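Structural overview
Each chain is listed here by its residues.
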Amino acid sequence: MKVLMISGSPHRAGSSRLALEEMAKAFAAEGVETELIEVGAGPVSGCTACGDCKASGRCVIEDGVNEAIEKLAAADGLVVATPVHYASPAGALLAFLDRMFYAGGGRFAHKPAAAFASARRAGTTSSIDVINKYFTISQMPVVSSTYWNQLYGSCQADAAQDAEGLQTARNLARNMAWLMKCIAAGAAAGLTPPASERGNVTNFIR
């Protein structure tokens with residue numbers, strides 16, 4: 001089994017990376033492989049609304065998004081970690097996720113996913129909420145932990161002192177590993193995901 005990890009931090013040795021490393025150790029103990037993609041340092045383009053991905057399933061901009069789509073389509077789960085910028089996820093990460101999910105979201109259904117945020121003081125819960133919306137519109141089960149998925153500290157050294165935050169990260173990984181194994185066991189027993197209804201689109205202004 002494999003989990004794709006995406007870091008939106010511009011710092012390769014920051015608090016978000018610390019949380020992901022803590023999760024990676026817990027995943028490894030459960031026999032789950034991890035792969036990390038770092039997008040926070042950019043440059044990452046926002047969606048240009050060209051519409052080409054609707055037919056191709058790929059983004060016309062080649063900056064790592066298409067590779068991430070393929071990696072997640074082949075993986076069993078997803079973790080997205082972000083620092084908090086103005087009470088929201090990092091901008092480069094949002095640009096990346098906009099295009100990744102718009103082009104490839106149809107291939108991500110029923111894969112467990114989780115968001116994790118790091119901050120000096122506040123904005124973590126609002127940032128987690130933003131990222132969770134990518135998951136829920138794509139029919140991805142959102143994995144929880146023993147507290148909200150957040151780590152506090154203005155740098156990695158400070159965040160390393162947040163014992164509860166690191167505990168939350170480890171428990172999150174264990175819960176995701178368990179859920180992925182349950183899904184695999186269900187598939188082996190012949191259980192398949194439900195077919196989704198499509199076709200009804202209601203506009204608020206007609």
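Our structure's up above, just so we're on the same page.
A brief report on the enclosed structure follows. (Residues numbered from 1 in each chain as written. Predicted model: local features only at pLDDT ≥ 70, side-chain atom pairs only at ≥ 80, totals over all residues. Heavy atoms only, no water.)

Right, let's get into the pairing of strand E5 (residues 113-119). With 7 of its 7 residues buried, E5 lies for the most part within the structure. The side-chain alternation of E5 yields two buried faces, one formed by Ala113, Ala115, Ala117 and Ala119 and the other by Ala114, Phe116 and Ser118. Note that strand E3 (residues 77-85) and E5 share 6 bridges and pair parallel. Pairing of Ala81 across the sheet is with Phe116, part of E5. One ladder, built from 3 bridges, connects E5 with strand E6 (residues 150-152); its direction is parallel. Of the residues in E6, the one forming a bridge with Ala117 is Gln150. (Buried < 20%, exposed > 50% of the residue type's maximum accessible area, 1.4 Å probe, protein only. Helix = DSSP H or I, 4+ residues; strand = E, 2+ residues; numbered from the N terminus. Pairing = 2+ DSSP bridges.)

The tendency in soluble globular proteins is for nonpolar side chains to be buried as a group. With 33 residues, the main nonpolar core has Ile6, Leu78, Met100, Phe101 and Phe135 as its most contacted residues. Element by element, the count of residues in this core is highest for helix H4 (residues 91-104), at 7 residues. In this structure Leu78 touches Val3, Leu4, Ile6, Leu72, Phe101, Pro112, Ala113, Ala114, Phe135, Met140 and Met176, once residues within four positions along its chain are discounted. Residues Met23, Ala114, Ala169 and Met176 belong to the second largest nonpolar core, which totals 23 residues. (Core = buried A, V, L, I, M, F, W, Y, C linked by side-chain atoms within 4.5 Å. Contact = heavy atoms within 4.5 Å.)

Looking at helix H3 (residues 65-74), one finds that the buried residues are Val65, Asn66, Ala68, Ile69 and Leu72. In an axial view of H3, the angular spread of the buried residues amounts to 160 degrees, which keeps them on one side of the axis. Looking at the packing, one finds that the buried side of H3 touches strand E1 (2-7), strand E2 (33-38), E3 and H4. (Arc of directions from axis to C-beta.)

We now examine unusual backbone geometry. In this structure, Pro43 follows Gly42 across a cis peptide bond, with omega equal to -5 degrees. Mapped onto the secondary structure, Pro43 falls in the loop between E2 and helix H2 (53-56). Residue Ala87 is not a glycine yet carries a positive backbone phi of 60 degrees. Within the secondary structure, Ala87 is located in the loop between E3 and strand E4 (88-89).

In the structure shown here, the tally under the stated rule is 4 aromatic pairs. Ring geometry for Phe101 against Phe108: centres 5.2 Å apart, planes inclined by 80 degrees, an arrangement best described as edge-to-face. With a relative accessible area of 8%, Phe101 lands in the buried category. Assessed through its relative accessible area of 0%, Phe108 is described here as buried. Seen in terms of ring centroids, Phe101 and Phe135 are 6.2 Å apart; in terms of plane orientation they differ by 50 degrees. Their pairing is tilted. Here the residue Phe101 occupies a position in helix H4, and Phe135 occupies one in helix H5 (residues 124-137), the gap between them amounting to 34 residues. (Phe/Tyr/Trp six-rings, centres within 6.5 Å; stacked < 30°, edge-to-face > 60°.)

Once that is clear, we can look at the packing of H4 against H5. Geometrically, a packed helix pair is captured by the angle between its two axes and the distance between the axes. It is the contact of H4 with H5, at a shortest axis distance of 11 Å, that shows an interaxial angle of 10 degrees. Judged on the interaxial angle alone, H5 and H4 are roughly parallel. Here H4 contributes Leu93, Leu94, Leu97, Asp98 and Phe101 to the contact with H5, which in turn contributes Val130, Ile131, Tyr134 and Phe135. Taken together, the residues that form the contact of H4 with H5 break down as 8 nonpolar, no polar and 1 charged. (Axes fitted to C-alpha atoms, helices over the stretch in contact; angles between N-to-C directions. Parallel < 35°, antiparallel > 145°, perpendicular 65-115°, else oblique. Nonpolar A, V, L, I, M, F, W, Y, C, P; charged D, E, K, R; others polar.)

Within E3, 8 of the 9 residues are buried, leaving the element largely enclosed by the surrounding structure. Across 5 bridges, E1 lies against E3 in parallel orientation. Paired with Ser7 across the two strands is Ala81, which belongs to E3. Examined bridge by bridge, E3 and E4 share 2 bridges and lie antiparallel to one another. Pairing of His85 across the sheet is with Ser88, part of E4. Hairpin connection, E3 to E4: the antiparallel pair is bridged by 2 residues, and Tyr86 has positive phi, about 55 degrees.

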